[in-house]
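Survey of secondary and tertiary structure
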Amino acid sequence: MKSQTDWKTLDRKKDDNIDLSDIPEVTAEQMALAYLRIGGKPVSRRKVRVNIYLDAEVVAYFREKAGGQGYQTLVNEALKESIRRKDIETLQRRVLREEMNSGADPA
């Protein structure tokens, strides 16, 4: 299946020039009702206590960054960011593979 995306026109546009007026903003109420899913299965938003061993340099880094308090929160945020980046990279690779396999000209 050939892509119907006009890549040349899209590449020339800047983000500020893309009309998003027909896409409604997601409200805080909608986000509160949203479910986080991993592998298609809902995941609780609560925190889970775990015991893990980390390298001393990792703990020292996050303690220093947090000023001694709340370093575990920083570790948690770093892990979540790593997951998000990996998910975005996986999605980008999938889209590129699909476009290359469809014979579309992305440039």
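Use the structure listed above.
To start, this report covers the structure provided alongside it. Small disclaimer: the values here were computed from a predicted structure and weren't measured. Residue numbers here run from 1 along each chain, matching the order of that chain's written sequence. The predicted nature of this model means local features are confined to residues of pLDDT at least 70 and side-chain atom pairs, given and counted, to a pLDDT of 80 or more, with totals for whole chains, interfaces and linings taken over all residues. Excluded from the side-chain calculation are hydrogens and water; included are all heavy atoms of the structure.

1. Focus on the overall build of the protein
Helix numbering and strand numbering both begin at the N terminus, where a helix is a DSSP run of H or I of at least 4 residues and a strand a DSSP run of E of at least 2. Within the protein, the regular secondary structure consists of four helices and two strands. From first element to last, N terminus to C terminus, the protein shows the α and β order α-α-β-β-α-α. Across its three principal axes, the protein shows a C-alpha extent of roughly 50 × 35 × 30 Å. Note on classification: 1.4 Å probe, protein chains only; a residue is buried when its accessible area is under 20% of the maximum for its type, exposed when over 50%, partly exposed between these limits. Each of the 107 residues in the protein was classed as buried or not, and the buried ones make up 8%.

2. Here's the deal with the packing of aromatic side chains
Centre distance within 6.5 Å is the pairing criterion for rings of Phe, Tyr and Trp, where only the six-membered ring of Trp is used; planes under 30 degrees apart are then read as stacked, over 60 as edge-to-face, and the remainder as tilted. Tallying each qualifying case throughout the model produces one aromatic pair. Pairing Tyr61 with Phe62 gives two aromatic rings, centres 5.0 Å apart and planes at 90°, and the pair type is edge-to-face. According to the relative accessible area criterion, Tyr61 is partly exposed, its value standing at 47%. Residue Phe62 is classed as buried on the basis of its relative accessible area, which comes to 14%.

3. Here's the deal with the environment of Phe62
Tracing the backbone through its elements, the reader meets Phe62 in helix 3 (residues 56-66). Contact between two residues is taken to exist if any of their heavy atoms lie within 4.5 Å; hydrogens are not considered. When residues no more than four places from it in sequence are discounted, the contact partners of Phe62 are Tyr71, Leu74, Val75 and Ala78.

4. Structural notes on helix 4 (residues 71-102)
Over its 32 residues, helix 4 runs 47 Å from end to end, which matches the ideal 46 Å to within 8%, given 1.5 Å per residue. Among all positions in helix 4, only Tyr71, Val75, Glu99 and Ser102 are buried. Taken together, the buried residues of helix 4 touch helix 1 (7-12) and helix 3. Helix span, as expected, comes to 1.5 Å for every residue beyond the first.

5. Brief notes about the layout of surface pockets
In this analysis a 1.4 Å probe is tested at points of a 1 Å grid over the protein atoms alone, and where it fits but cannot get out there is a cavity; an open set with protein on both sides within 12 Å along at least five of seven lines is a pocket; lining residues have an atom within 4 Å of a point. Grid points are joined across faces, edges and corners, and a volume is the space filled by probe spheres set on the points. As a volume, the largest pocket reaches approximately 1300 Å³. Contributing to the lining of the largest pocket are 25 residues, with Lys47, Val48, Asn76, Leu79 and Lys80 lying nearest its centre. Looking at the lining of the largest pocket, the elements with two or more residues in it are strand 1 (36-38) and helix 4. Here the lining of the largest pocket takes 10 residues from helix 4, the largest share from any one element. Each residue is assigned to one class: nonpolar for Ala, Val, Leu, Ile, Met, Phe, Trp, Tyr, Cys and Pro, charged for Asp, Glu, Lys and Arg, and polar for all the others, Gly among them. Here the lining of the largest pocket is composed, by residue class, of 12 nonpolar, five polar and eight charged.

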